[in-house]
Each structure stands twice: as structure tokens, then as C-alpha cells.
Amino acid sequence: ALFGEWQHEMGSADSELRQRLRRERKEARREARRAFAEMLRASDELGPRPSFSAARTLYGDDPRWRALERQERDEAWDEVEEELAARGKALLKQREASFHELLVGLGLAGDEAWSDVRSREGVLADPRCKALAEPERRAAFAA
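Residues numbered from 1 in each chain as written. Predicted model: local features only at pLDDT ≥ 70, side-chain atom pairs only at ≥ 80, totals over all residues. Heavy atoms only, no water.

1. Remarks on the overall build of the protein chain
Moving on, step 1. A count of helical and extended segments in the protein chain gives 7 helices and 0 strands.
Moving on, step 2. Along the protein chain, from the amino end to the carboxyl end, the secondary structure elements read α-α-α-α-α-α-α.
Moving on, step 3. The C-alpha atoms of the protein chain give a radius of gyration of 27 Å, which is well past the 15 Å a tight globule of 143 residues would have.
Moving on, step 4. Taking the principal axes of the C-alpha coordinates as reference, the protein chain spans close to 100 × 25 × 20 Å.
Moving on, step 5. Classification of the 143 residues of the protein chain by burial places 26% in the buried group. (Helix = DSSP H or I, 4+ residues; strand = E, 2+ residues; numbered from the N terminus. Rg over C-alpha atoms; globule rule 2.2 N^0.38 Å. Buried < 20%, exposed > 50% of the residue type's maximum accessible area, 1.4 Å probe, protein only.)

2. Remarks on the nonpolar core
Moving on, step 1. Residues F36, M39, L40, A55, W65 and L84 are the most contacted members of the largest nonpolar core, which totals 14 residues.
Moving on, step 2. Of all elements in the fold, only α1 (2-42), α2 (52-59) and α4 (70-105) reach the threshold of two or more residues within this core.
Moving on, step 3. Counting residues per element, this core draws most heavily on α1, which supplies 5 residues.
Moving on, step 4. Counting 11 residues, the second largest nonpolar core, distinct from the first, contains L103, V117, C129 and F141. (Core = buried A, V, L, I, M, F, W, Y, C linked by side-chain atoms within 4.5 Å.)

3. Some remarks on the confidence of the model for the protein chain
Parts of the model with low pLDDT should not have their predicted coordinates read in detail.
Moving on, step 1. A residue-level look at the protein chain finds 97% of positions with pLDDT of 70 or above and a mean pLDDT of 86.
Moving on, step 2. In the model of the protein chain, helix α5 (residues 114-118) stands out as the element of lowest mean pLDDT, 84, in contrast to helix α3 (residues 63-66), which has the highest, 94. (pLDDT = per-residue confidence, 0-100.)

4. A closer look at the packing of aromatic side chains
Moving on, step 1. Within the structure shown, the criterion is met by 5 aromatic pairs.
Moving on, step 2. Judged by centre distance (5.7 Å) and plane angle (65 degrees), the ring pair of F99 and W114 falls under edge-to-face. Of the two residues, F99 is situated in helix α4 and W114 in helix α5; the sequence distance between them amounts to 15 residues. In this structure, F99 and W114 share a single accessibility class: buried.
Moving on, step 3. Judged by relative accessible area, which is 6%, W114 ranks as buried.
Moving on, step 4. Each member of the aromatic cluster is reached from another via a ring pair, and the members are F36, F52, W65 and W77. (Phe/Tyr/Trp six-rings, centres within 6.5 Å; stacked < 30°, edge-to-face > 60°.)

5. So, the side chain of E136
Moving on, step 1. Note on placement: E136 falls in helix α7 (residues 134-142).
Moving on, step 2. The contacts of E136, once residues within four sequence positions are left out, are P48, R49 and L92. (Contact = heavy atoms within 4.5 Å.)

6. Focus: the environment of P135
Moving on, step 1. Assignment of secondary structure puts P135 in helix α7.
Moving on, step 2. Considered as a pair, P135 and R64 are 71 residues apart in the sequence and their alpha carbons are 33 Å apart.

Structure representation (C-alpha cells):
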């Protein structure tokens, strides 16, 4: 009977230990997901059109990236992707508006081609122009 009581006590203690370890692992995974999402939200390097592959290139060696298993990382990306895309879209609109200010400041005639405008001195060196990739410049110029 004494041995049975001891087994019962040990089983109970073992069960409590397993439960505590399970809770700790769950909390660690939750914290790792939070850190991963925060890393992505804080990034200015992802640009206006964030993609998972660009994030992997930028942060694949970061401990916050590696702290999550692939499936958890994919799920965490899905959770913040919409937010990142909305932020990127707002950033792109802001950059396009600044680019339009640059164009207005040049006093362009309505019939000039982008190739003529971009060859003007200082246009490509202007930070408002540099903030957009070439395809975005062409689209903003045509708009």
C-alpha cells in the first residue's frame, strides 16, 4: 500500500510538472510569435509591397525568425500581412504625392515624356524621385 501511495504521489507530481512545462512552452511560443510580428511591423526595409520571400531574405538569420517553426511562421506572417500591405499602400501613396510635388515644381508642359523628364538634371537624384522604384515612377508620371 505504501508503494501504491508513493506511485500515486509521483504520478501526480509528474503530471503537474508536465502541465507546467506545457504552459511554459506555450507561453514561449506565444512570445516568439509576438516578437516575430513586432519585427515585421517595425521593418522599414520591406517596402510598400511586402512579401514573405523578401521578409525571409531580410530576416532569415534573425533569431526572432528562427524561433518559430515553419508552420507557425507562416501563420504569424498571415496575421500581419494585411497590416503590412495597408501600411505599404499608405507609404506608396505618400511617396507618389511627394513625387507629384517634384513634377509640379519642374513646371512641366502636359505633353512631355517621362524619358525627357528623367533626363533633366537633378530629377533622379531628388529624394522624392529616389523613394519610388522606376516602374512606380512611370506609373505616377502617367497618372
